[in-house]
There are 12 protein chains.
Amino acid sequence: MAHVLLINGANLNLLGTREPAVYGSVTLADIERTLGEQATRLGLGFTAFQSNAEAALVEQVQQAAGRSDFIILNPGAFTHTSVALRDALLAVDIPFIEVHISNVYAREEFRHHSYFSDIAVGTIVGLGPQGYELAMTAAHHYLHDGTTPA
Amino acid sequence: MAHVLLINGANLNLLGTREPAVYGSVTLADIERTLGEQATRLGLGFTAFQSNAEAALVEQVQQAAGRSDFIILNPGAFTHTSVALRDALLAVDIPFIEVHISNVYAREEFRHHSYFSDIAVGTIVGLGPQGYELAMTAAHHYLHDGTTPA
Amino acid sequence: MAHVLLINGANLNLLGTREPAVYGSVTLADIERTLGEQATRLGLGFTAFQSNAEAALVEQVQQAAGRSDFIILNPGAFTHTSVALRDALLAVDIPFIEVHISNVYAREEFRHHSYFSDIAVGTIVGLGPQGYELAMTAAHHYLHDGTTPA
Amino acid sequence: MAHVLLINGANLNLLGTREPAVYGSVTLADIERTLGEQATRLGLGFTAFQSNAEAALVEQVQQAAGRSDFIILNPGAFTHTSVALRDALLAVDIPFIEVHISNVYAREEFRHHSYFSDIAVGTIVGLGPQGYELAMTAAHHYLHDGTTPA
Amino acid sequence: MAHVLLINGANLNLLGTREPAVYGSVTLADIERTLGEQATRLGLGFTAFQSNAEAALVEQVQQAAGRSDFIILNPGAFTHTSVALRDALLAVDIPFIEVHISNVYAREEFRHHSYFSDIAVGTIVGLGPQGYELAMTAAHHYLHDGTTPA
Amino acid sequence: MAHVLLINGANLNLLGTREPAVYGSVTLADIERTLGEQATRLGLGFTAFQSNAEAALVEQVQQAAGRSDFIILNPGAFTHTSVALRDALLAVDIPFIEVHISNVYAREEFRHHSYFSDIAVGTIVGLGPQGYELAMTAAHHYLHDGTTPA
Amino acid sequence: MAHVLLINGANLNLLGTREPAVYGSVTLADIERTLGEQATRLGLGFTAFQSNAEAALVEQVQQAAGRSDFIILNPGAFTHTSVALRDALLAVDIPFIEVHISNVYAREEFRHHSYFSDIAVGTIVGLGPQGYELAMTAAHHYLHDGTTPA
Amino acid sequence: MAHVLLINGANLNLLGTREPAVYGSVTLADIERTLGEQATRLGLGFTAFQSNAEAALVEQVQQAAGRSDFIILNPGAFTHTSVALRDALLAVDIPFIEVHISNVYAREEFRHHSYFSDIAVGTIVGLGPQGYELAMTAAHHYLHDGTTPA
Amino acid sequence: MAHVLLINGANLNLLGTREPAVYGSVTLADIERTLGEQATRLGLGFTAFQSNAEAALVEQVQQAAGRSDFIILNPGAFTHTSVALRDALLAVDIPFIEVHISNVYAREEFRHHSYFSDIAVGTIVGLGPQGYELAMTAAHHYLHDGTTPA
Amino acid sequence: MAHVLLINGANLNLLGTREPAVYGSVTLADIERTLGEQATRLGLGFTAFQSNAEAALVEQVQQAAGRSDFIILNPGAFTHTSVALRDALLAVDIPFIEVHISNVYAREEFRHHSYFSDIAVGTIVGLGPQGYELAMTAAHHYLHDGTTPA
Amino acid sequence: MAHVLLINGANLNLLGTREPAVYGSVTLADIERTLGEQATRLGLGFTAFQSNAEAALVEQVQQAAGRSDFIILNPGAFTHTSVALRDALLAVDIPFIEVHISNVYAREEFRHHSYFSDIAVGTIVGLGPQGYELAMTAAHHYLHDGTTPA
Amino acid sequence: MAHVLLINGANLNLLGTREPAVYGSVTLADIERTLGEQATRLGLGFTAFQSNAEAALVEQVQQAAGRSDFIILNPGAFTHTSVALRDALLAVDIPFIEVHISNVYAREEFRHHSYFSDIAVGTIVGLGPQGYELAMTAAHHYLHDGTTPA
């Protein structure tokens with residue numbers, strides 16, 4: 001059974017409790033539960049992880065080697081700053097989709113650059129918590145086909 | 001019944017016939033049929049349009065005012081060059097999702113800038129033809145909630 | 001009798017019907033009628049043309065050679081993107097004034113550059129539909145003097 | 001009776017006496033007299049001011065608060081350098097039109113940026129001394145409507 | 001018999017009639033006739049096409065797939081703006097030479113960048129109408145060798 | 001009898017012996033012999049020169065004053081670095097065509113800028129050794145017409 | 001009783017022990033004690049926190065929600081690199097003053113940009129350890145007035 | 001008795017009368033009186049000066065040599081434009097603190113650069129009129145210690 | 001008798017009294033006396049002017065029209081900021097040499113750009129007060145030859 | 001006995017297990033053992049440290065003060081992002097050599113900038129695990145000479 | 001027996017005689033003798049070459065084809081300017097290590113870019129004359145392994 | 001007796017024979033003779049050198065160590081490209097003045113940057129051949145005073 005790892009980065013533990021105008025009212029626990037149920041329906045294993053520490057995310061990715069077949073990744077603020085997390089993903093070579101809840105292109109200019117988009121399978125931006133569900137659907141499709149989802 | 005308009009821009013009529021390594025083997029007709037069926041299942045009206053002419057796209061968007069409730073838009077090459085199409089979307093003020101089949105962030109640098117992302121609800125990039133289906137799912141969610149899909 | 005050609009570019013057919021906060025409630029038909037009457041009062045011939053298609057604008061300019069003595073031009077979005085329209089104006093060498101209804105300098109940064117301003121007689125920006133009337137007044141002055149309106 | 005203030009900046013006292021190829025042969029006195037007559041015809045009060053000193057222009061703008069309803073401003077060289085004059089205009093919050101006699105976009109690149117255009121009602125560039133008259137016409141229109149002249 | 005397609009873009013229909021100081025007095029009809037005769041002498045099929053519309057050029061290139069073996073392309077103003085035409089050429093993967101009649105490097109800076117040069121076999125710039133003939137000679141050489149003309 | 005000077009710069013002595021994937025297998029001696037024969041057929045005098053030393057190229061150009069009527073120049077690496085060679089060409093004011101064997105626009109970004117293109121009659125890029133022959137044809141045309149080859 | 005949180009970032013634990021020429025000889029413990037006494041005199045609650053770990057700072061800010069009314073923040077090196085800490089401050093929406101002990105504008109250019117200044121109430125730079133005391137004075141003023149300290 | 005000079009630049013005479021949302025309602029006279037009283041309490045001499053003229057500020061700084069021991073400087077708009085004032089401060093070599101009432105980092109980008117910050121002892125930004133009082137406190141500390149206030 | 005005008009800008013009244021390490025110990029009065037004597041020896045009329053006010057410099061240049069035949073100009077800090085002074089020089093069209101006492105190229109980067117060098121006859125930089133004398137020698141040569149001193 | 005500290009940053013724990021095409025098959029344990037033996041041979045004390053956490057590296061450097069005489073540092077991804085680690089090295093002022101296993105100049109452009117190279121004794125790049133041994137040799141030389149190894 | 005070629009570029013003949021603070025007191029002859037002895041110990045052939053002439057360096061590299069197996073290269077000033085030398089190295093395709101005696105990253109910004117680093121096996125910077133010896137050690141390792149020294 | 005060395009770079013051997021509109025009609029021999037006579041009058045030794053070869057200039061500078069006390073340098077085109085010549089001047093540490101005959105600031109933008117100005121005593125630009133004489137006068141002054149000519 002293929003396994004999908006959901007990784008959320010800095011400040012995503014606050015989801016649903018802060019800045020609802022930007023990020024909505026759904027909590028991270030809601031998202032993780034919803035995605036777990038979706039994974040079960042799709043016949044996929046599932047683990048969720050969140051940390052505000054770059055090193056913890058790096059090590060989670062390192063440990064995913066040989067365990068997970070796909071990563072759904074919302075690096076949060078690390079999107080724009082973490083070469084270390086990029087390098088971990090390059091090292092383990094696990095396909096991943098980058099998700100952002102809010103539309104980063106409508107915010108500060110420094111949020112327009114990602115250290116992950118060019119090495120991701122794809123990106124889903126601005127579609128709220130549903131973006132994670134769409135990514136899980138795409139992950140299932142990717143794992144089912146055994147090819148890039150072109 | 002809410003109505004969704006699918007607009008594809010320059011060269012997307014070639015989908016499935018050219019550069020399969022980049023764009024896959026699914027044709028535009030396949031995509032339009034699949035999305036039509038998906039729309040029906042979701043209780044949504046649906047029209048599909050493709051043109052290689054910027055003006056035709058601009059006018060299609062203009063005419064969508066009062067007819068369509070959501071646009072799924074893959075501007076193709078116009079993503080990086082068409083202020084006219086951006087202006088048409090600003091004028092009609094219909095919410096839309098921007099879709100790209102290939103991962104534009106892994107290609108030439110001029111493909112990293114979009115004239116649409118900052119005014120879109122969101123973007124789906126690099127997930128192949130499935131990206132359109134995910135966009136339709138998100139459109140349905142958006143129209144059902146009556147709010148941004150945060 | 002000298003002849004003035006009014007050319008409006010992409011999305012200006014929507015004038016008065018969309019984004020009134022930015023562009024006001026006067027329609028393009030209103031403007032064209034007003035300018036026609038003004039031309040008559042000034043003893044000038046007058047033709048108005050609008051298109052959302054860059055090629056149609058290019059060809060209108062090409063055909064103005066030998067027919068029109070002055071052009072009042074609002075390229076709309078093509079202001080920022082059309083080298084082809086610039087080249088047509090360079091080719092026919094008809095003096096023209098560039099008009100923008102809204103204040104482009106108070107909008108997105110990409111609207112601050114024009115492919116036309118450096119080869120125009122002058123520009124009128126941000127004065128609403130009245131900008132066209134001021135341009136007609138200036139055109140009359142220019143044609144009467146037979147020199148640049150310094 | 002609404003009052004219009006005409007302000008000309010550095011070196012515009014030389015108008016008509018120097019560089020006629022660029023600026024024409026009309027003197028500043030001619031322009032001020034013409035605009036005064038035009039204001040009278042339009043039922044507007046009018047004062048004209050010129051200085052080569054940035055501080056004098058700043059203070060003229062400061063003193064216009066509560067006295068003038070509209071400013072026609074040709075900052076001359078200060079267009080490209082004076083944040084102080086910009087700040088004075090922001091402080092008094094009097095609507096103004098920016099006028100340039102020559103086509104600044106056809107001259108040195110540093111003349112393409114203005115510290116005023118984005119906070120002006122609009123700009124008139126390259127139409128010679130007549131540009132002031134067109135600005136007065138627009139000012140009258142603006143004051144008559146009580147709204148931005150969209 | 002190998003077939004060569006000559007494509008000319010925006011405003012090249014004016015050749016020989018406008019701006020002779022820049023573009024010379026040879027007309028497009030002259031060029032097309034000369035190249036047709038040259039093609040016949042070289043045992044090559046030949047078709048010529050010109051349009052001011054980007055979409056028409058895109059579609060001409062799309063339809064060349066399976067019909068033409070080489071393209072001689074002068075995109076005119078689209079050289080600097082058309083990602084859509086670039087994408088059409090990438091899609092059909094027909095070798096082509098980019099030709100410019102005038103020396104674009106001696107003109108405005110925005111003419112120094114081409115969306116085509118990096119994917120062309122080569123470029124010929126500034127040699128006037130003869131540049132097309134040189135391109136036909138090179139096309140013949142290319143098609144005869146069956147390799148890049150190194 | 002008009003005289004054409006062929007100048008090749010740094011590392012072009014290696015032609016045909018190194019990096020055949022980029023530069024092909026034709027040697028510089030082959031090219032010089034071929035161009036000499038072509039010049040004879042066209043009734044032109046011909047001299048060929050190659051050096052890896054910038055100063056030798058500069059002095060060759062200086063000495064061409066009053067001796068040569070046209071230069072075919074492939075500066076090699078000096079294309080991107082030699083203001084001295086540019087200055088020599090400006091000083092002697094002999095018309096020249098710039099030739100590059102490989103497509104410099106498909107290589108490193110620093111190869112996209114030339115210190116020669118804006119002062120050349122024209123450029124021929126990426127057409128292999130044949131590019132020199134096309135340049136000789138154009139030189140003959142230029143010298144025959146006594147004008148720029150527009 | 002309003003509560004003020006003092007947060008110091010990377011390497012500020014070394015204060016007073018390293019690089020006295022840049023940072024002086026006062027230790028962090030001295031500063032924290034001094035500010036605690038000052039807070040008491042002003043009738044304010046006070047907590048001090050220092051960490052070299054970005055994640056610890058992020059979490060300290062997250063936990064300040066509902067507990068602290070004002071933050072005095074010297075992010076140290078994170079000033080120039082931490083979007084995560086910026087996001088935490090945006091999320092909890094607690095007013096804060098940014099303090100730097102040394103004059104960052106007189107040091108390396110990368111120290112001239114801060115990810116915090118634009119969202120801070122204000123900044124105090126280059127005034128040594130006393131800068132913290134001035135920030136505490138300003139915090140008291142801010143909390144007393146219930147408005148921005150304009 | 002050490003002497004402190006307070007210098008305010010362009011438009012700061014308007015303080016408290018214009019743009020209260022940005023600058024508050026305290027007048028410059030209020031600030032000068034408050035600082036004078038604070039100086040007296042601290043045993044410092046005090047003079048206040050304001051001008052909208054760059055030259056007057058330059059000369060005030062020149063004349064401060066040998067008279068004042070510290071300058072509290074809010075250059076207003078000259079912050080971003082006056083090399084002359086910077087040079088005067090370099091010449092007299094009197095330590096100074098730069099004060100801005102509003103948060104310049106939250107305003108237009110051209111306000112993010114100062115010609116003074118790198119040569120100041122330090123800067124206080126965004127803390128309203130109180131910023132001047134904090135600067136006086138720091139000046140007293142600086143003059144008391146006879147060293148930089150590290 | 002030809003007349004030479006010496007103009008010194010902001011802070012040059014401090015020469016010889018401040019920053020001797022950068023500017024030396026010669027006073028402005030010394031320089032003006034030395035140049036006056038040199039002018040007399042060369043049979044030239046001479047006037048010297050210094051001001052810290054940009055407007056005074058502008059007006060001095062304006063008034064030089066018809067009175068002075070050559071200007072020796074050290075704009076001081078206005079070198080880098082004054083378009084108004086540049087415009088005055090363009091207007092009166094009097095040839096001038098730009099002098100800087102210190103080597104501006106060895107100082108802050110903003111001192112490397114001058115608004116005057118491209119319209120000056122020439123520049124003399126870094127040679128101390130003697131630079132003025134060399135400029136006077138060159139002015140004499142220029143006026144004697146009646147041509148540019150090539 | 002002088003002491004050398006070896007510090008490896010993010011993802012270097014994966015050495016020899018991931019991306020062998022880029023980083024080779026030698027493990028970090030191999031490197032640490034090899035360097036330990038080399039240190040013993042050279043009569044140097046030795047400690048090795050690796051962490052994926054920026055803060056752990058910062059603190060390791062802080063604690064090296066007074067204990068280690070030289071640092072061999074491969075910051076991994078932190079090379080391009082960590083001002084905090086740079087500041088720690090500036091604070092403890094221990095000489096160090098920067099080592100990179102792969103050739104960072106042949107990889108993504110963001111890897112071409114290092115926050116460490118300008119404050120290091122020197123750098124060794126692209127020479128694989130041997131680079132560490134060369135650094136140890138250089139460290140020994142540096143410590144033996146008591147000067148920079150010029 | 002494998003052969004190593006040591007090439008030193010412009011001004012390295014001055015080593016040990018000029019700027020000892022930057023480059024040390026070891027002469028080039030010392031270095032060449034030391035490396036020759038080291039090569040002998042390692043069983044490697046060795047030749048040393050120095051020139052101030054770019055062309056001589058280019059030709060030395062050209063002639064190394066088929067003779068040398070590895071190059072140790074310190075291009076001196078040509079590091080930052082010579083595309084010709086880069087092209088020679090690309091042509092002969094001999095592996096090389098780039099050495100700089102001083103730390104170029106701590107000097108002028110134009111010294112931070114090298115035309116060689118991205119095509120070198122690796123670089124050794126700032127370690128003084130010893131850098132050459134380390135490069136010889138690495139060359140031996142490279143030649144012994146027959147692979148890149150990862 | 002102090003000795004002055006005059007060095008002229010690429011293409012300056014053409015002086016007086018080419019491009020008289022830019023460089024005048026005085027030959028290099030004229031200049032060298034004039035300066036030799038001037039040196040004799042001033043009691044200075046004098047040698048003149050010109051080369052089109054960068055290496056020859058580098059070596060001339062190297063050999064000037066211990067022989068010449070001052071250099072008058074017109075690097076010609078090498079002004080903008082030669083780090084090698086800059087390094088030679090840094091190495092020998094002989095004071096020099098940079099001379100340009102034409103006004104480089106009124107020519108192509110790449111001529112606005114010099115690799116020499118920041119390390120020169122000063123520069124003289126645009127004053128024609130007389131510029132060399134002024135430089136000799138300044139050299140004499142410099143050598144007489146034994147200090148920088150401030």
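What counts, and at which threshold
- Residues numbered from 1 in each chain as written.
- Chains lettered and ligands numbered in written order.
- Predicted model: local features only at pLDDT ≥ 70, side-chain atom pairs only at ≥ 80, totals over all residues.
- Heavy atoms only, no water.
- Helix = DSSP H or I, 4+ residues; strand = E, 2+ residues; numbered from the N terminus.
- Rg over C-alpha atoms; globule rule 2.2 N^0.38 Å.
- Buried < 20%, exposed > 50% of the residue type's maximum accessible area, 1.4 Å probe, protein only.
- Contact = heavy atoms within 4.5 Å.
- Areas by Shrake-Rupley, 256 points an atom, 1.4 Å probe, with all protein chains shown as cover.
- Lys, Arg positive; Asp, Glu negative; His and termini not counted.
- Charge placed at Lys NZ, Arg CZ, Asp CG, Glu CD.
- Least-squares fit on C-alpha atoms with pLDDT ≥ 70 in both.
- Pairing = 2+ DSSP bridges.
- Axes fitted to C-alpha atoms, helices over the stretch in contact; angles between N-to-C directions.
- 1 Å grid on protein atoms, 1.4 Å probe; cavity = no way out; pocket = protein on both sides within 12 Å on 5 of 7 lines; lining within 4 Å.
- Points joined across faces, edges and corners; volume = space filled by probe spheres on them.
- Nonpolar A, V, L, I, M, F, W, Y, C, P; charged D, E, K, R; others polar.
- Salt bridge = Lys/Arg side-chain N within 4 Å of Asp/Glu carboxyl O.
- Buried area = accessible area lost by both parts, 1.4 Å probe.
- Parallel < 35°, antiparallel > 145°, perpendicular 65-115°, else oblique.
- Left-handed = near helix turned anticlockwise from the far one by under 90°.
- Phe/Tyr/Trp six-rings, centres within 6.5 Å; stacked < 30°, edge-to-face > 60°.
- Polar contact = N/O pair within 3.5 Å; in protein donor to acceptor, adjacent residues only side chain to side chain.

Colleague: Describe the overall build of chain A, listing the residues and the values that go with them.
Modeller: Broken down by element type, chain A carries five helices and five strands. The helix and strand sequence of chain A, counted from the amino end, reads β-α-α-β-α-β-α-β-β-α. Relative to its length of 150 residues, chain A is compact, with a C-alpha radius of gyration of 14 Å against a globular reference of 15 Å. Buried positions account for 62% of the 150 residues belonging to chain A. Taking as baseline every contact in chain A between residues at least 6 positions apart, the subset at least 24 positions apart corresponds to 77%. For chain A, the accessible area works out to roughly 5100 Å², and carbon and sulfur atoms hold 48% of it. On chain A, the mean spot of the 7 positive side-chain charges and the mean spot of the 15 negative ones are 6 Å from each other.

Colleague: Got a sec to walk through the environment of L:L134? Specific residues and values, please.
Modeller: Note that L:L134 resides in helix α5 (residues 130-145). Judged by relative accessible area, L:L134 falls into the buried class, the value being 3%. If we ignore the near neighbours within four places in the chain, the residues touching L:L134 are I:I124, I:L134, I:T137, I:A138, L:I124 and L:L127.

Colleague: Which residues make up the relation of the copies chain B and chain C, and what values do they have?
Modeller: Rotating chain B by 120 degrees and translating it 0.0 Å along the rotation axis places it on chain C, where the RMSD comes to 0.0 Å. Both copies are brought into coincidence by an operation consistent with a three-fold rotation axis. Ranked by how close their C-alpha atoms come to the rotation axis, the residues of chain B are headed by B:T81, at 4.1 Å. Taken together, the interface assignments show that only 6% of the residues at the interface of chain B recur at the interface of chain C, consistent with different surfaces on the two copies.

Colleague: If you had to explain the sheet that holds strand β5 (residues 122-125) of chain L to someone new, which residues and values would you point to?
Modeller: The sheet built from 10 strands is open, its strands ordered β2(I)-β1(I)-β3(I)-β4(I)-β5(I)-β5(L)-β4(L)-β3(L)-β1(L)-β2(L) with mixed pairing. Pairing within the sheet leaves two strands with one partner each, and these edge strands are β2 (45-50) of chain I together with β2 (45-50) of chain L. Put simply, the sheet's adjacent strands are angled 15 degrees from each other on average, direction ignored. Pairing geometry for strand β1 (residues 3-10) of chain I and β2(I), over six bridges, is parallel. Bridge pairing in β2(I) places I:I7 opposite I:F49. Sheet strands touched by helix α3 (residues 54-64) of chain I: β1, β2 and β3 (70-76) of chain I. Its angle to β1(I), the strand with the most contacts, is close to 170 degrees.

Colleague: Which residues make up the sheet that holds strand β3 (residues 70-76) of chain C, and what values do they have?
Modeller: Across the sheet, which stays open at both edges, the 10 strands sit in the order β2(C)-β1(C)-β3(C)-β4(C)-β5(C)-β5(D)-β4(D)-β3(D)-β1(D)-β2(D) with mixed pairing between neighbours. The sheet is open, and its two edges are formed by β2 (45-50) of chain C together with β2 (45-50) of chain D, each paired on a single side. Strand after strand, the sheet turns through a mean of 15 degrees between neighbouring axes, direction not considered. With four bridges connecting them, strand β4 (residues 96-100) of chain D and strand β5 (residues 122-125) of chain D associate as parallel partners. Paired with D:V99 across the strands is D:I124, a residue of β5(D). Against the sheet, helix α5 (residues 130-145) of chain C engages β1 (3-10), β2, β3, β4 (96-100) and β5 (122-125) of chain C together with β5 of chain D, with an angle of about 150 degrees to β3(C).

Colleague: Describe the pairing of strand β1 (residues 3-10) of chain J, with residues and values.
Modeller: Residues and elements named next belong to chain J. Counting buried residues in β1 gives eight out of eight residues, a clear majority hidden from the surface. Pairing between β1 and strand β3 (residues 70-76): six bridges, direction parallel. Along β3, the bridge assignment pairs N8 with N74.

Colleague: How would you summarise the layout of surface pockets if you had to cite specific residues and measurements?
Modeller: Reported here for the second largest pocket is a volume of approximately 750 Å³. As for the second largest pocket, its lining consists of 22 residues, of which A:H80, A:Y115, G:Y115, J:H80 and J:Y115 are closest to the centre. Along the lines of polarity and charge, the residues of the lining of the second largest pocket split into nine nonpolar, 10 polar and three charged.

Colleague: Describe the pattern of salt bridges, naming the residues involved and giving the relevant values.
Modeller: In total, this model carries 60 salt bridges over all chains according to the counting rule given. J:D87 is the partner of G:R111 in a salt bridge, and the nearest nitrogen-oxygen pair spans 2.8 Å. With G:R111 in the loop between β4 (96-100) and β5 (122-125) and J:D87 in helix α4 (residues 83-92), the pair connects residues from two separate chains. Residues G:R111 and J:D87 agree in their burial class; the two are buried. Between I:R33 and I:D30 there is a salt bridge, with the nearest N and O atoms lying 3.1 Å from each other. With I:R33 and I:D30 both in helix α2 (residues 28-41) and three residues apart, this pair spans about one turn of that helix. Each member of the salt-bridge network shares a partner with another, and the members are A:R86, A:D87, A:D118, J:E108 and J:R111.

Colleague: Let's hear about the interface of chain B and chain C: which residues, and what values?
Modeller: In this assembly, 16 residues from chain B lie in contact with 15 residues from chain C. A combined buried area of about 1300 Å² lies between chain B and chain C, and 53% of that area is made up of carbon and sulfur atoms. One can count two salt bridges joining chain B with chain C. In this structure, the salt-bridge partner of B:R86 is C:E108, at a minimum N-O distance of 2.9 Å. Mapped onto the side of chain B that touches chain C, the elements with two or more residues apiece are α3 (54-64) and α4 (83-92) of chain B. Examining the composition of the side of chain B that touches chain C, we find that eight residues originate from one element, α4(B), more than from any other. Among the residues forming the side of chain B that touches chain C, the class breakdown is 10 nonpolar, two polar and four charged.

Colleague: Could you give me a rundown of unusual backbone geometry, with the residues and numbers involved?
Modeller: A positive phi angle, close to 75 degrees, is found at C:N11, a residue other than glycine. Its place among the elements puts C:N11 in the loop between β1 and α1 (20-23).

Colleague: Run through the packing of helix α2 (residues 28-41) of chain H against helix α5 (residues 130-145) of chain H, naming residues and quoting values.
Modeller: Residue and element names in this part refer to chain H. Between α2 and α5, the shortest axis-to-axis distance is 10 Å and the interhelical angle comes to 25 degrees. As judged from the angle between their axes, α2 and α5 are roughly parallel. Crossing geometry of α2 relative to α5 is assigned as right-handed. For the pair α2 and α5, the contacting residues are I31, T34, L35, Q38 and A39 in the first and Y132, E133, M136 and T137 in the second. Classifying every residue of the contact of α2 with α5 by side-chain character gives five nonpolar, three polar and one charged.

Colleague: Would you mind going over the relation of the copies chain L and chain I in detail, with residue names and values included?
Modeller: Mapping chain L onto chain I calls for a screw motion: a turn of 180 degrees about the axis and a shift of 0.0 Å along it, with 0.0 Å RMSD after fitting. What we have between these two chains is a two-fold relation. Scanning chain L for the C-alpha nearest the rotation axis identifies L:I124, at a separation of 2.3 Å. Of the residues that chain L buries at the interface, 100% are likewise interface residues in chain I, meaning the two copies contact each other through the same surface.

Colleague: Explain the interface of chain L and chain I to me, and be specific about the residues and the numbers.
Modeller: Contacts between the two partners involve 25 residues from chain L and, on the opposite side, 25 residues from chain I. In total, about 2100 Å² of surface goes out of reach between chain L and chain I, with carbon and sulfur atoms giving 59% of it. At the surface where chain L touches chain I, the tally comes to zero salt bridges. Looking at the side of chain L that touches chain I, the elements that each hand over two or more residues are β5 and α5 of chain L. Counting residues per element, the side of chain L that touches chain I draws most heavily on α5(L), at five residues. Of the residues assigned to the side of chain L that touches chain I, the class counts are 14 nonpolar, 10 polar and one charged. Note that strand β5 (residues 122-125) of chain I and β5(L) share three bridges and pair antiparallel.

Colleague: Could you give an account of the packing of aromatic side chains, naming the residues involved and the relevant values?
Modeller: Taken as a whole, this structure holds 24 aromatic pairs over all chains when the rule is applied. Between F:Y115 and L:F110 the ring centres are 5.1 Å apart and the planes differ by 80 degrees, which places this aromatic pair in the edge-to-face class. With F:Y115 in the loop between β4 (96-100) and β5 (122-125) and L:F110 in the loop between β4 (96-100) and β5, this pair bridges two chains. For F:Y115, a relative accessible area of 14% gives the class buried.

Colleague: Can you tell me about the side chain of I:S82, naming the residues and giving the values?
Modeller: All names here are of chain I. Note that S82 resides in the loop between β3 and α4 (83-92). Taking relative accessible area as the criterion, S82 reaches 0% and is therefore assigned buried. For S82, the side chain forms a polar contact with the side chain of E54, separated by 2.7 Å. Residues contacting S82, with those up to four places away along its chain left out, are E54, Y115 and F116.

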